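Chains, contacts and geometry: an overview
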Amino acid sequence: MPYRIERVNALLREEIGSVLAGELNDPRISPMASVTRVDTSRDLGSAKVYVSVLGTDEEKADTIDALKSASGFIHRTIRPHLRMRNVPHLAFYLDEAIEKGADMVAFIDEVIQRDKEIAAQRGDSDPLPDDTT
């Protein structure tokens, strides 16, 4: 990915995140929503904004719907803060990577605990080798 696109992505992520945190008053938007990543097209005409929402499936859907509805407002709000001739049109998508990662960590912790319990039942003193850091 070209360096310029990376800079634009980072700038958009920061500006959209600040609007999300402080300027949107839509009750459908979860307070546990954050912008995780922005992918801008090569021609800078559009940007996919990935948002992580912690909550129920309904809260996630409501937040994404509200952000899609507010995309014009967000676009107008961030425009003065960016030194760009054209600000990309924004499309919002749900990013569940953080939640999937948390689920994976919980699964790994569960497996480790189960291994410790099995080792304790067998009488093993150390179910895992010391080099697991």
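Remember, it's a predicted structure, so these values are computed and weren't measured experimentally.

Conventions used here
- Residues numbered from 1 in each chain as written.
- Predicted model: local features only at pLDDT ≥ 70, side-chain atom pairs only at ≥ 80, totals over all residues.
- Heavy atoms only, no water.
- Helix = DSSP H or I, 4+ residues; strand = E, 2+ residues; numbered from the N terminus.
- Rg over C-alpha atoms; globule rule 2.2 N^0.38 Å.
- Buried < 20%, exposed > 50% of the residue type's maximum accessible area, 1.4 Å probe, protein only.
- Patch = residues over 30% accessible without salt bridge, like charges linked within 9 Å, V, L, I, M, F, W, Y side chains within 5 Å.
- Areas by Shrake-Rupley, 256 points an atom, 1.4 Å probe, with all protein chains shown as cover.
- Salt bridge = Lys/Arg side-chain N within 4 Å of Asp/Glu carboxyl O.
- Core = buried A, V, L, I, M, F, W, Y, C linked by side-chain atoms within 4.5 Å.
- Contact = heavy atoms within 4.5 Å.
- Axes fitted to C-alpha atoms, helices over the stretch in contact; angles between N-to-C directions.
- Parallel < 35°, antiparallel > 145°, perpendicular 65-115°, else oblique.
- Left-handed = near helix turned anticlockwise from the far one by under 90°.
- Nonpolar A, V, L, I, M, F, W, Y, C, P; charged D, E, K, R; others polar.
- Expected span 1.5 Å × (residues − 1).
- Arc of directions from axis to C-beta.

With that settled, the discussion passes to the overall build of the protein chain. In terms of regular secondary structure, the protein chain is built from four helices and three strands. In sequence order, the secondary structure elements of the protein chain are arranged as α-β-β-α-α-β-α. For 133 residues, the compact-globule estimate of 2.2 N^0.38 gives 14 Å, and the protein chain exceeds it by more than 25% at 21 Å. Judged by the C-alpha coordinates and their principal axes, the protein chain covers about 70 × 35 × 20 Å. The buried share of the protein chain, reckoned over its 133 residues, is 31%.

On the surface, M104, F107, I108 and I112 cluster together into a nonpolar patch covering about 360 Å² of accessible area. In this fold, M104 is placed in helix α4 (residues 97-122). Accessibility expressed as a relative area gives 48% for M104, which makes it partly exposed.

Ranked by internal contacts, the top residues of the largest apolar core, which has 27 residues, are I16, I74 and I78. Secondary structure elements with two or more residues in this core: α1 (3-22), β1 (33-40), β2 (46-53), α2 (57-69), α3 (71-78) and β3 (89-94). Per-element accounting of this core gives the leading share, six residues, to α1. Once residues within four sequence positions are removed from consideration, I74 is found in contact with I16, V19, L24, L67, L90 and F92.

Glancing now at the packing of α1 against α3. At a minimum axis distance of 10 Å, the contact between α1 and α3 shows a crossing angle of 115 degrees. Considered as vectors, α1 and α3 are oriented roughly perpendicular to each other. The interaxial crossing formed by α1 with α3 has right-handed handedness. Within the contact between the two elements, α1 uses L12, E15, I16 and V19 and α3 uses F73, I74, T77 and I78. When the residues that make up the contact of α1 with α3 are grouped by side-chain class, the tally is six nonpolar, one polar and one charged.

Turning our eyes to something else, we now look at α1. In a regular helix each residue adds 1.5 Å, so 20 residues correspond to 28 Å; α1 covers 29 Å between its end C-alpha atoms and thus fits that length. For α1, the full list of buried residues reads I5, V8, N9, L12, E15, I16, V19 and L20. The buried residues of α1 all sit within an arc of 145 degrees when viewed along its axis, so they share a single face. Exposed and facing more than 90 degrees away from the buried side of α1 are Y3, E14, A21 and G22. Tucked into the core, α1 has its buried residues touching β1, β2, α2, α3 and β3.

This part takes up α2. The terminal C-alpha atoms of α2, which comprises 13 residues, lie 18 Å apart, in line with the 18 Å expected from a rise of 1.5 Å per residue. Buried within α2 we find K60, T63, I64, A66 and L67. The arc enclosing the buried residues of α2, seen along the axis, measures out at 160 degrees, which places them on a common side. The exposed residues of α2 that point more than 90 degrees off its buried face are D57, E58 and S69. On its buried side, α2 packs onto α1, β1, β2, α3, β3 and α4.

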